[in-house]
Amino acid sequence: MAVKKAALACSVCGSRNYSITASKNRTQRLELNKFCKHCGKKTLHKETR
């Protein structure tokens with residue numbers, strides 16, 4: 001099984017702060033509340049490809 005790398009981008013400023021390894025079996029994109037160092041607060045981060 002191949003492992004795919006993806007990045008988590010801030011929904012406010014658009015900077016890609018986090019990287020994750022995602023399996024190919026998932027159909028929806030991951031959304032998490034994470035700390036953005038550029039915004040200085042917790043914001044919603046969405047998975048990019």
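What counts and how
Residues numbered from 1 in each chain as written. Predicted model: local features only at pLDDT ≥ 70, side-chain atom pairs only at ≥ 80, totals over all residues. Heavy atoms only, no water. Pairing = 2+ DSSP bridges. Helix = DSSP H or I, 4+ residues; strand = E, 2+ residues; numbered from the N terminus. Axes fitted to C-alpha atoms, helices over the stretch in contact; angles between N-to-C directions. Buried < 20%, exposed > 50% of the residue type's maximum accessible area, 1.4 Å probe, protein only. Contact = heavy atoms within 4.5 Å. Polar contact = N/O pair within 3.5 Å; in protein donor to acceptor, adjacent residues only side chain to side chain.

A. Examining the sheet that holds strand E4 (residues 41-48) more closely. The four strands lie next to each other as E2-E1-E4-E3, forming an open sheet whose pairing is antiparallel. Each edge of the sheet is formed by a strand with only one pairing partner; in this case those strands are strand E2 (16-23) and strand E3 (31-36). For this sheet the average axis-to-axis angle between neighbouring strands, irrespective of direction, equals 40°. Sheet analysis places strand E1 (residues 3-10) next to E2, joined by seven bridges and oriented antiparallel. Along E2, the bridge assignment pairs lysine 4 with alanine 22.

B. The side chain of glutamate 47, seen in detail. Assignment of secondary structure puts glutamate 47 in strand E4. For glutamate 47, a relative accessible area of 4% corresponds to the buried category. Contacts of glutamate 47, omitting those with residues within four sequence positions, involve Ala6, Ala7, Leu8, Ala22, Arg26, Gln28, Arg29 and Leu30.

C. Here's a closer look at the side chain of histidine 45. Tracing the sequence through the fold places histidine 45 in strand E4. Taking relative accessible area as the criterion, histidine 45 reaches 0% and is therefore assigned buried. In this structure the side chain of histidine 45 is engaged in a polar contact, spanning 3.2 Å, whose partner is the side chain of asparagine 17. In this structure histidine 45 touches Leu8, Ala9, Cys10, Asn17, Tyr18, Leu30, Glu31, Leu32, Lys34, Phe35 and Cys36, once residues within four positions along its chain are discounted.

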